[in-house]
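# Descriptive analysis of the structure
Residues per chain are reported as follows:
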Amino acid sequence: MNPSRIIIDTDPGVDDALTFLFALASPEIQLEALTTVCGNIGIEKTTRNALAVLELAHASHIPVARGCALPLVSTLGKAGEAVHGTSGIGEASLPEPKSQPIHQHAIDYLIERILAEPGEITLFTIGPMTNLALAIRKEPRIVPSLKELIIMGGAIRQGGNVTPLAEFNVHADPHAAHIVFHAGIPITLIPLDVTYKCLLTSADVERLNRIDSPIARFVRDATATYMDFYRKYESFDGCALHDPLTIAAIIAPELLTFEEHHVDVDISGGVGNGNTFADFMNVAKKPANMKVALDVRGREFVELFIERMESLCRAGL
Ligand code: BDR
Ligand code: CA
């Protein structure tokens, strides 16, 4: 079977960076571009990190298009820095990238690529959905042209990680999420309900570092701050592989349990702002607008992730 052709819209971000590496290590996937957005940190740093991580993986032929510097309505908070460090990639210090982002804005790049090959591109959003929301508003014809959209975002039965009710990516730009959820794209949602079951431990990182490789060292240094955060606030010795779990929707969907639901997002601006909720009892009588992952065989996923990263490291990277 031909590999799935994917574009990742991202705000790197420690687990975003791990997602690119995981995609590059997966033969079932062809990573064709990254588009950047503000979120975990500002757009300058997310774009720089995207370029730098691709260089680390000898993949700077993959284009990076810089996107929005601000959410649609909200302001950019500082919550991401507490988790990902001020650089966005923890304690890892990657050299200044030699490559540059392409000249086209991420919104126009997404529109051009999706319209050029209808039904071919699977888009991943692993940051706030600002770029995609604006692309939909600018060129609604991309909606029927996308093959699939895989989103890391939301918390359905689970509580939030940035407010008691909201998950970071949705909370950072709830209006964008609202546009995307109701656009009519075939969506697969990977919420906190499943990502919190996929915990990379410090023992896993040590295991990877038995291979002497810049990628293994990057994973160790990038996850150090991230793991400190989880130790302090979530009381476990490890970190959740939120964004990398999206890749499982393509390469190992059997690890996930999906249900189809009508899912909406609170944009009222109150205490529940950014809350994502499924209509489990179908009281609103609205058709399902997405497939939601509600369970996962978490440890099996983490093993798969480590095996793929080991193969990348052994390949001399
Ligand atoms: C999401 O928030 C970000 O901090 C992570 O990169 C992930 O995309 C998890 O809520
Ligand atoms: Ca992210």
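Here, every reference points to the structure presented above.
Worth saying up front: this structure is predicted, and the values here are computed from it rather than measured. (Residues numbered from 1 in each chain as written. Chains lettered and ligands numbered in written order. Predicted model: local features only at pLDDT ≥ 70, side-chain atom pairs only at ≥ 80, totals over all residues. Heavy atoms only, no water.)

Moving on, we come to the site of ligand 1. If you check the shell around ligand 1, you find 13 residues, and the closest are Asp-15, Asn-40, His-84, Glu-167 and Asp-243. Between Asp-15 and ligand 1, the recorded distance is 2.5 Å, taken from a side-chain N or O atom to an oxygen atom. About the coverage of ligand 1: the protein hides 96% of its 280 Å² of free accessible area. Contributions of two or more residues to the shell around ligand 1 are made by helix H1 (14–24) and helix H7 (168–172). In the shell around ligand 1, the residues fall into 4 nonpolar, 5 polar and 4 charged. (Near = heavy atom within 4 Å. Polar contact = N/O pair within 3.5 Å; in protein donor to acceptor, adjacent residues only side chain to side chain. Areas by Shrake-Rupley, 256 points an atom, 1.4 Å probe, with all protein chains shown as cover. Helix = DSSP H or I, 4+ residues; strand = E, 2+ residues; numbered from the N terminus. Nonpolar A, V, L, I, M, F, W, Y, C, P; charged D, E, K, R; others polar.)

Ligation of the calcium ion (ligand 2) by protein atoms is provided by Asp-11 (OD), Asp-16 (OD), Asp-16 (OD), Ile-126 (O) and Asp-243 (OD), these donors lying 2.3 to 2.7 Å from the ion. Each donor residue of the calcium ion (ligand 2) belongs to the same chain, and together they define the spacing D-x4-D-x109-I-x116-D. A residue pair is termed long-range when its members are at least 10 positions apart, and Asp-11 in the loop between strand S1 (4–10) and H1 and Asp-243 in the loop between strand S8 (238–240) and helix H12 (245–251) qualify at 232 residues. Taken as a pair, Asp-11 and Asp-243 share a single burial class, namely buried. (Donors = N, O, S within 2.8 Å, 3.2 Å for Na, K, Ca; no water. Buried < 20%, exposed > 50% of the residue type's maximum accessible area, 1.4 Å probe, protein only.)

A sheet is described by the order of its strands in space; here 8 strands give the open sequence S3-S2-S1-S4-S5-S6-S12-S9, paired in mixed fashion. Here the strands that pair on one side only, and so sit at the sheet edges, are strand S3 (64–66) and strand S9 (256–261). Strand-to-strand twist across the sheet, computed as the mean angle between neighbouring axes with direction ignored, equals 25 degrees. Pairing between strand S4 (residues 121–125) and strand S5 (residues 148–152): 4 bridges, direction parallel. Bridging across to S5, Thr-125 finds its partner in Ile-151. Along the sheet face, H1 touches S1 and strand S2 (29–36) and points at about 170 degrees away from the line of S1. Packing against the sheet, helix H4 (residues 106–116) makes contact with S1, S2, S3 and S4, and its axis sits at approximately 150 degrees to S2. (Pairing = 2+ DSSP bridges. Axes fitted to C-alpha atoms, helices over the stretch in contact; angles between N-to-C directions. Contact = heavy atoms within 4.5 Å.)

Time to look at the pairing of S1. With 7 of 7 residues buried, S1 is to be regarded as a mostly interior element. Across the two faces of S1 the burial is the same, with Ser-4, Ile-6, Ile-8 and Thr-10 and Arg-5, Ile-7 and Asp-9 all buried. The parallel pair S1 and S2, bridged by H1, forms a crossover whose chirality is right-handed. By the bridge criterion, 5 bridges tie S1 to S4 in an arrangement that is parallel. (Right-handed = clockwise from strand over helix to strand, strands pointing away.)

Counting across every chain of the model gives 7 aromatic pairs. Between Tyr-226 and Tyr-230, the ring centres sit 5.2 Å apart and the planes meet at 90 degrees, which makes this aromatic pair edge-to-face. Linking Tyr-226 with Tyr-230, this pair stays in helix H11 (residues 214–234), spanning 4 residues, or about one helical turn. Here Tyr-226 falls in the buried class, since its relative accessible area comes to 1%. The exposure class assigned to Tyr-230 is buried, which follows from its relative accessible area of 2%. For the ring pair Phe-229 and Tyr-233, a centre distance of 4.9 Å and an interplane angle of 45 degrees mean the geometry is tilted. (Phe/Tyr/Trp six-rings, centres within 6.5 Å; stacked < 30°, edge-to-face > 60°.)

One can find Glu-91 in the loop between helix H3 (79–84) and H4. Of the residues examined, Glu-91 reaches a relative accessible area of 52% and is grouped as exposed. Sequence separation of Glu-91 and Glu-120 is 29 residues, and the distance between their C-alpha atoms is 37 Å. Not counting the four nearest positions on each side in its chain, Glu-91 is found in contact with Asp-221, Ala-222, Ala-224, Thr-225 and Asp-228.

As a further point, take the pattern of salt bridges. Summed over the entire model, instances satisfying the criterion amount to 21 salt bridges. In this structure, Glu-32 and Arg-5 form a salt bridge, with 2.7 Å as the shortest nitrogen-oxygen distance. Of the two residues, Glu-32 sits in strand S2 while Arg-5 sits in strand S1, which places them 27 residues apart along the sequence. A relative accessible area of 13% places Glu-32 in the buried class. Judged by relative accessible area, which is 19%, Arg-5 ranks as buried. Notably, a salt bridge pairs Arg-207 with Glu-310, separated by 3.1 Å at the nearest N-O pair. With Arg-207 in helix H10 (residues 202–208) and Glu-310 in helix H13 (residues 298–314), the pair connects residues that are 103 residues apart, well separated along the chain. Owing to a relative accessible area of 21%, Arg-207 belongs among the partly exposed residues under this scheme. Owing to a relative accessible area of 11%, Glu-310 belongs among the buried residues under this scheme. One network of salt bridges, in which partners are shared, links Arg-5, Glu-32, Arg-113, Glu-117 and Glu-120. (Salt bridge = Lys/Arg side-chain N within 4 Å of Asp/Glu carboxyl O.)

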